[in-house]
Amino acid sequence: MTSKPSRPVLLATALLLSFVEIGVFAAFASRGPAPQAEASTSRESMIATSDENAPPRAAERRSGPFGALLQNLRGSLAEIARLAEPTSPEAAPAVAEPLAPFAPAPAFLAAPPLARPSPPELSIAVPPGDAPLPPARPRDIASEPFSTPLPPIAVSPPSGPAASTALALAAAPAINETPALPRRDDGNFRLGAAVYVRIFKKEGELELWQKQGGRYSLSRTYPICKWSGHLGPKLKSGDYQSPEGFYSVSARQLNPNSHYHRAFDVGFPNAFDRQNGRTGGALMVHGACKSVGCFAMTDKAIEEIYGVVEAALRGGQHEVPVHIFPFRMTDTAFAKETQGEWTNLWSIPPEHQQWSSFWRNLKEGYDLFEQTGEPPTAYACGSRYAFDASGGSCRRIAGW
């Protein structure tokens, strides 16, 4: 809310306006009287005499050239007095401070005291769109040599109840720690037992099976963070399509130093892919959440999956079968994805009809595992997969 101007400022303004008006009237008066000045003066005097209801200020204004000046001056002084008059006790003006002895200007022309300037704010000029970045952290700090090694510091273990409480808090997990992955166990699985991996693209799940008591049992189901393309097999390099089929992973296909934390190559193209002219390579199950034909599992998930697969290969399993399906190939799901529903509420894409025969062949291997609990051994026999050793032209699906 703005405050009223002070009395000295108003007086100075009124005097300045009065001086301007005096100068204007003086300029007009210096030109001499008009030809009919006497007649107009007598006429004005007659009007002023006959007009009994006219106020005194109107008579003064008509009586001479300085009447208007006096009237304006009186109005200005009255307005100054009204504005300077306080409206409430809270709004009463403070007592004016005495002028300094060396002030040359009179009291009514003194300027109001200047407001104390606020302290300047610290600002750093940054070019737009080019904000400075923090220094990059070295990849391996421990491996970099230091010029002056720091002496070891001996720390004595704390004692007392306060120390035991502090140690208990330090051992407790952090509140924002990443929660454990969902787990579905059928018992205690031994690390190093035989492993089988199934992947379902549409459901976005990876199943990890381990052998227990002579039969494979489901150890855990992991959500796939990212896979690329659509339902259907990979045909050529650069089509950004994740593969489908039966593959095997050997120890040579493990990559503990992947750009995506850990990774193992599924073995595309296998013998079946090569027999049918399919090209590409370096299709992985890896960490992070980025896919260009691979199956990205996040770093935390691949750490567990990779560890179990590596332990199985070190424990004596020659190859780990990795079977990749477009969806869970039950009879109901297969009919829905290839023929649609009888109610016509589910419309299948045209390309699903194209892969109907290929998916029916994959379903044979899916059904064998569901029936026997043992991953089937797949063979590449030209345009189809076979699951027995018959046929001299068939080649077993193997790792590198």
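Everything numeric in this text was worked out from a predicted model, so none of it was measured.

Analysis parameters
Residues numbered from 1 in each chain as written. Predicted model: local features only at pLDDT ≥ 70, side-chain atom pairs only at ≥ 80, totals over all residues. Heavy atoms only, no water. Helix = DSSP H or I, 4+ residues; strand = E, 2+ residues; numbered from the N terminus. Expected span 1.5 Å × (residues − 1). Buried < 20%, exposed > 50% of the residue type's maximum accessible area, 1.4 Å probe, protein only. Pairing = 2+ DSSP bridges. Axes fitted to C-alpha atoms, helices over the stretch in contact; angles between N-to-C directions. Contact = heavy atoms within 4.5 Å. Parallel < 35°, antiparallel > 145°, perpendicular 65-115°, else oblique. Nonpolar A, V, L, I, M, F, W, Y, C, P; charged D, E, K, R; others polar. Disulfide = S-S within 2.5 Å. Phe/Tyr/Trp six-rings, centres within 6.5 Å; stacked < 30°, edge-to-face > 60°. Salt bridge = Lys/Arg side-chain N within 4 Å of Asp/Glu carboxyl O.

Asks: It is not clear to me how helix 10 (residues 356–372) should be interpreted in this structure. Could you clarify?
Replies: Structurally, the α-helix is built with 3.6 residues per turn, so residues lying three or four positions apart point the same way. Helix length check: helix 10, at 17 residues, gives a terminal C-alpha distance of 25 Å against a target of 24 Å (1.5 Å per residue), a fit within 8%. Directly after helix 10, the chain includes Gly373, whose backbone phi takes a positive value near 75°.

Asks: What am I meant to see in the pairing of strand 10 (residues 320–325) here?
Replies: If a strand is regular, its side chains alternate between the two faces of the sheet. Among the six residues of strand 10, six are classified as buried, and the element is accordingly described as predominantly covered. In terms of strand pairing, strand 5 (residues 245–249) meets strand 10 through five bridges, oriented antiparallel. Within strand 10, the residue paired with Phe246 across the bridge is His323.

Asks: How do you make sense of the sheet that holds strand 2 (residues 205–212) when you look at a structure like this?
Replies: Whether parallel or antiparallel, the strands of a sheet pair through hydrogen bonds between backbone atoms. Strand order in the open sheet formed by five strands is 3-2-1-10-5, and the pairing between neighbours is mixed. Each edge of the open sheet is held by one strand with a lone partner, namely strand 3 (215–223) and strand 5. Along the sheet, successive strands turn relative to each other by an average axial angle of 20°, direction set aside. Here eight bridges tie strand 2 to strand 3, and the two strands are oriented antiparallel to one another. Bridge pairing in strand 3 links Lys211 to Tyr216. Contacting strand 1 (195–200), strand 2, strand 3, strand 5 and strand 10, helix 7 (residues 299–314) runs over the sheet at an angle of about 155° to strand 3.

Asks: Looking at this structure, how should I read the packing of helix 8 (residues 331–338) against helix 10?
Replies: How two helices pack is summed up by the angle between their axes together with the distance between the axes. At a closest axis distance of 11 Å, the pairing of helix 8 and helix 10 adopts a crossing angle of 170°. As summarised for this structure, helix 8 and helix 10 are arranged roughly antiparallel, according to the angle between their axes. Mapping the contact onto sequence places Asp331, Phe334, Glu337 and Thr338 in helix 8 and Ser356, Trp359, Arg360 and Lys363 in helix 10. By residue class, the composition of the contact of helix 8 with helix 10 is two nonpolar, two polar and four charged.

Asks: I tried to follow the state of the cysteines on my own but got confused; where do I start?
Replies: Scanning all chains against the criterion turns up two disulfides. What pairs with Cys225 in a disulfide is Cys289, and their sulfur atoms sit 1.8 Å apart. Taking the sign of the torsion about the S-S bond as the criterion, the disulfide between Cys225 and Cys289, at about -90°, is left-handed. With Cys225 in the loop between strand 3 and strand 4 (226–227) and Cys289 in the loop between strand 8 (284–286) and strand 9 (295–296), this pair connects stretches of sequence that are 64 residues apart.

Asks: Explanation requested: the packing of aromatic side chains in the structure shown.
Replies: To describe a pair of aromatic rings, you give the distance between the ring centres and the angle between the ring planes. Throughout the structure, instances matching the rule amount to 14 aromatic pairs. Both rings, one in Phe200 and one in Phe325, keep their centres 5.9 Å apart while their planes meet at 20°; by these two values the pair is stacked. One end of the pair, Phe200, is in strand 1; the other, Phe325, is in strand 10, with 125 residues separating them in the sequence. Between Phe200 and Tyr366, the ring centres sit 6.3 Å apart and the planes meet at 80°, which makes this aromatic pair edge-to-face. With Phe200 in strand 1 and Tyr366 in helix 10, this residue pair connects regions lying 166 residues apart in the sequence. Given a relative accessible area of 0%, Phe200 falls into the buried group. Grouping aromatic residues by their ring pairs yields a cluster made of Phe200, Phe246, Phe272, Phe325, Trp355, Phe358, Tyr366, Tyr385 and Phe387.

Asks: Please explain the pattern of salt bridges as it appears in this structure.
Replies: Counted under the stated rule, the structure contains 15 salt bridges. Residue Arg198 pairs with Glu370 through a salt bridge whose shortest N-O separation is 2.9 Å. Taken together, the residues span a long stretch of sequence, with Arg198 in strand 1 and Glu370 in helix 10 at a distance of 172 residues. Classification of Arg198 as buried rests on a relative accessible area of 2%. Across the pair Arg278 and Asp273 runs a salt bridge, and its minimum N-O distance is 3.6 Å. Across this residue pair, the class does not change: Arg278 and Asp273 are buried. Residues joined by salt bridges that share partners form a network here, namely Arg198, Glu205, Glu207, Arg328 and Glu370.

Asks: In this structure, what is going on with unusual backbone geometry? I would like to understand it.
Replies: Glycine aside, the phi torsion of most residues is negative, and most peptide linkages are trans. That bond from Phe268 to Pro269 is cis: its omega, 0°, falls within 30 degrees of zero. As for its position among the elements, Pro269 is in the loop between strand 7 (261–265) and helix 6 (271–275). Residues other than glycine seldom take positive phi values, yet Tyr240 does so here, at roughly 55°. Mapping Tyr240 onto the fold places it in the loop between strand 4 and strand 5.

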